Amino acid sequence: QVQLVESGGGLVQPGGSLRLSCAASGSIFSIYAMGWYRQAPGKQRELVAAITSGGSTNYADSVKGRFTISRDNAKNTVYLQMNSLKPEDTAVYYCNADRVRTTTRYGDYWGQGTQVTVSS
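No experiment lies behind these values; they were computed from the predicted model shown.

Here we come to the state of the cysteines. One pass over the full model with this rule turns up 1 disulfide. A sulfur-sulfur separation of 2.1 Å characterises the disulfide bridge that pairs Cys22 with Cys95. As the torsion about the S-S bond is roughly -85 degrees, the Cys22-Cys95 disulfide counts as left-handed. Of the two residues, Cys22 sits in strand β3 (residues 18–25) while Cys95 sits in strand β9 (residues 91–102), which places them 73 residues apart along the sequence.

Here is the structure:
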């Protein structure tokens, strides 16, 4: 069984920074891509950023130039450095592991979510 454990959320003032981490654990052979999604109240879940095992990245237009995603393949861990935060970044942030291969399964997994609140 695969578990994704997120950390790093919290309350920050506009213009501030936060760093999210997500570690995948279990009998994992490989993970194709890891990423972060977010969901604000009353809105659909949306992709924030994703990174493949080869290092290719994809960002939502709204976070380009402010957020940076990185990954440690050896630790099955993904990070999201968020700078110049805005109130509209307020949401629950979810970690995703895409196309995870384990000893018994091949599929996607989600973390439990971590709250990010940007407010003065």
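Take the environment of Cys22 next. With relative accessibility at 1%, the residue Cys22 sits in the buried group. For the pair Cys22 and Ala60, spaced 38 residues apart in sequence, the C-alpha separation works out to 19 Å. Sequence-distant contacts of Cys22, defined by excluding residues within four places in its chain, comprise Leu4, Val5, Glu6, Met34, Trp36, Asn76, Thr77, Val78 and Cys95.

What follows deals with the packing of aromatic side chains. Ring pairs (aromatic) are described by centroid distance and by the angle formed between their planes. For the coordinates displayed, the defined rule picks out 1 aromatic pair. Centre to centre, the rings of Tyr37 and Trp110 are 5.0 Å apart; their planes meet at 65 degrees, and the pair counts as edge-to-face. Taken together, the positions of Tyr37 in strand β4 (residues 28–39) and Trp110 in strand β10 (residues 106–110) put the pair 73 residues apart, joining distant regions of the chain. A residue is classified by how much of its surface remains accessible, and Trp110, at 39% relative accessible area, is partly exposed. The lysine or arginine in question, Arg19, covers the ring of Tyr79, its NZ or CZ lying 4.2 Å from the ring centre.

Time to look at the pairing of strand β11 (residues 114–118). Within a regular beta strand, the side chains point alternately toward one face of the sheet and then the other, so they alternate between its two faces. Taking every second residue as pointing to the same face, the buried face of β11 carries Thr114, Val116 and Val118, while none of Gln115 and Thr117 on the other face is buried. Note that strand β2 (residues 10–12) and β11 share 3 bridges and pair parallel. Across the sheet, Val12 pairs through a bridge with Val118, a residue of β11. By the bridge criterion, 3 bridges tie β9 to β11 in an arrangement that is antiparallel. In the sheet register, Ala91 faces β11, and the bridge partner there is Val116.

For the rest of this paragraph, the subject is the layout of surface pockets. Space inside the largest pocket adds up to approximately 210 Å³. Arg38, Ala40, Lys43, Glu46 and Glu88 are, among the 13 residues lining the largest pocket, the residues nearest its centre.

Moving on to the side chain of Glu6. Among the secondary structure elements, Glu6 is positioned in strand β1 (residues 3–7). Within the structure, Glu6 has its side chain in polar contact with the backbone nitrogen of Gln112 (distance 3.3 Å). Looking at Glu6, its side chain comes within polar contact range of the main-chain nitrogen of Gly113, at 2.5 Å. Aside from chain neighbours lying at most four places away, what touches Glu6 is Ser21, Cys22, Trp36, Tyr93, Tyr94, Cys95, Gly111, Gln112, Gly113 and Thr114.

Strand order in the open sheet made by the 4 strands is β1-β3-β8-β7, with antiparallel pairing throughout. With one partner strand each, in any of the chains shown, β1 and β7 (67–72) form the two edges of the open sheet. Strand after strand, the sheet turns through a mean of 15 degrees between neighbouring axes, direction not considered. In the sheet, β1 pairs with β3 via 5 bridges, with the strands oriented antiparallel.

Cut-offs and rules
Position numbers for residues count from 1 along each chain, tracking the sequence in the order it is written. Under the rules for a predicted model, residues below a pLDDT of 70 receive no local features and side-chain atom pairs below 80 are neither given nor counted, while totals for whole chains, interfaces and linings still include all residues. In computing side-chain properties, one takes all heavy atoms of the structure into account and sets aside hydrogens as well as water. Defined by distance alone, a disulfide is two cysteine sulfur atoms within 2.5 Å. Here a strand is any run of E in DSSP of at least two residues, a helix any run of H or I of at least four, and the numbering for each starts at the N terminus. In this scheme, a residue with accessible area under 20% of its type's maximum is buried, one over 50% is exposed, and one in between is partly exposed, where area comes from a 1.4 Å probe on protein chains only. What makes two residues a contact is simply this: any of their non-hydrogen atoms within 4.5 Å. Pairs were defined over the aromatic rings of Phe, Tyr and Trp, the Trp ring being its six-membered one, requiring ring centres within 6.5 Å. Orientation was assigned from the angle between planes: stacked under 30 degrees, edge-to-face over 60, tilted for the rest. We count a charge as sitting over a ring when the NZ of a lysine or the CZ of an arginine lies within 6 Å of the ring centre and within 35 degrees of the ring normal. For two strands to pair, DSSP has to find at least two bridges joining them. Cavities and pockets are found on a 1 Å grid laid over the protein atoms alone: a cavity is a set of points where a 1.4 Å probe fits but cannot escape, a pocket is an open set with protein on both sides within 12 Å along at least five of seven lines, and a lining residue has an atom within 4 Å of such a point. Grid points are joined across faces, edges and corners, and a volume is the space filled by probe spheres set on the points. Nitrogen and oxygen atoms within 3.5 Å of one another constitute a polar contact, given that in protein one can donate a hydrogen and the other can accept it, and given that sequence-neighbouring residues count only through two side-chain atoms. Each axis is a line fitted through C-alpha atoms, taken for helices only over the stretch in contact, and angles between the N-to-C directions span 0 to 180 degrees.

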